[in-house]
Amino acid sequence: MFAAERRQLILEMVRANGAVSLRELARVVQTSEVTVRRDVRALEAEGLLDRRHGGAVLPGGFTRESGFPQKSHLSTAEKTAIADLAAGLVGEGEAVVVGAGTTTQELARRLARVPGLTVVTNSLLVAQALAHANRVEVVMTGGTLRGSNYALVGSGAEQSLQGLRVSRAFLSGSGLTAERGLSTSNMLSASVDRALVQAAAEVVVLADHTKLGSDTMFQTVPTELITRLVTDEPPAHDERAATELQALADQGVEITVAGPDTESPANESLPPGRQSRQDMPLPGQRRTQGGHGGPAGLGPQLRSAAALAEGPVGRVADLRRR
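Just so it is clear, the structure is predicted and the values come from calculations on it, not from any experiment.

(A) Main features of the overall build of the chain. Looking only at helices and strands, one finds 11 helices and 17 strands in the chain. Going through the 322 residues of the chain one by one, you find that 56% of them count as buried. Counted over contacts in the chain with a minimum sequence separation of 6, partners at least 24 positions apart contribute 70%. In the structure as shown, the chain presents an accessible area of about 13,500 Å², 50% of it carried by carbon and sulfur atoms.

What follows is the structure, given as structure tokens:
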């Protein structure tokens, strides 16, 4: 492929997705990351895109949200490794909330193996992934369907979460910085994510390295409310992502990094050689909130979050700092 053809394809991918990693660009155009990085520099010099933390984004500072079809094909290996590790944080009989996103959809597929689990979600894709899990209860919020990411949003979704209390919230987003925390490009999605956070004692953010250092329009979770970040290992040349990880750790966020060549610590049925778990040491303690105890062994029922809020919803596990 000639340089002009590569650069046109790179530009089309960035315009379609809003943000694309160098790793993904290199895979699609079938060349090295070194060559892709040179192409990205040339396109940036023409004002056609901006370079960001090991990738490329639309020009103008804030990345925009891409639709589910585009997101589902980006950083698939990284999302799988992140989901494998995140599933290990969930124990039998817990109640958790899971937000919308392609990474949280991967997490949901693994949560289907956790007995007695209750999952509250506004995502049709998360619910679909758990629909045939015999020992998992799926609780859907109300709301209006947002077709671009198959999520329920609006006042109906937010009101159905009032009075709810669970152990953890698992959320993804469009960008993550130490300065602003987790953010997304859609106001309605951000508002529901904030309601999900209010229902949880701890907040776990799932974000691959391409989102580190990226800032989008609407803040969903400020850094001080993020308990843990589960991410993948940034490439060696990605200094911005590494710097952002350190800045997050300095603010008290626990960092769990998925790396290659180690069997999953949580899911023995997953193939070995998938990921490893690295917990970065953190300064000090962070505030956590209490929760309620509740039943285990619930059946595969589908009911509203408003109905669940009438009673206790599972135990709150103690995620201790190292």
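(B) Layout of the sheet that holds strand E2 (residues 50-52). One open sheet holds the 3 strands; their spatial order is E1-E3-E2, and the pairing between them is antiparallel. Two strands lie at the open edges of the sheet, namely strand E1 (19-21) and E2, each paired on one side alone. Taking each pair of neighbouring strands and ignoring which way they run, the sheet shows an average axis angle of 25 degrees. By the bridge criterion, 3 bridges tie E2 to strand E3 (residues 55-57) in an arrangement that is antiparallel. Paired with Arg 52 across the bridge in E3 is Gly 55.

(C) Structural view of the pairing of strand E14 (residues 228-232). The buried count for E14 comes to 5 of 5 residues, which makes it a mostly enclosed element. Burial of the side chains of E14 extends over both faces: Arg 228, Val 230 and Asp 232 are buried on one face and Leu 229 and Thr 231 on the other. As paired strands, strand E12 (residues 200-206) and E14 are joined by 3 bridges and run parallel to one another. Note on E14: the bridge partner recorded for Leu 206 is Val 230.

Conventions we followed
Residues numbered from 1 in each chain as written. Predicted model: local features only at pLDDT ≥ 70, side-chain atom pairs only at ≥ 80, totals over all residues. Heavy atoms only, no water. Helix = DSSP H or I, 4+ residues; strand = E, 2+ residues; numbered from the N terminus. Buried < 20%, exposed > 50% of the residue type's maximum accessible area, 1.4 Å probe, protein only. Contact = heavy atoms within 4.5 Å. Areas by Shrake-Rupley, 256 points an atom, 1.4 Å probe, with all protein chains shown as cover. Pairing = 2+ DSSP bridges. Axes fitted to C-alpha atoms, helices over the stretch in contact; angles between N-to-C directions.

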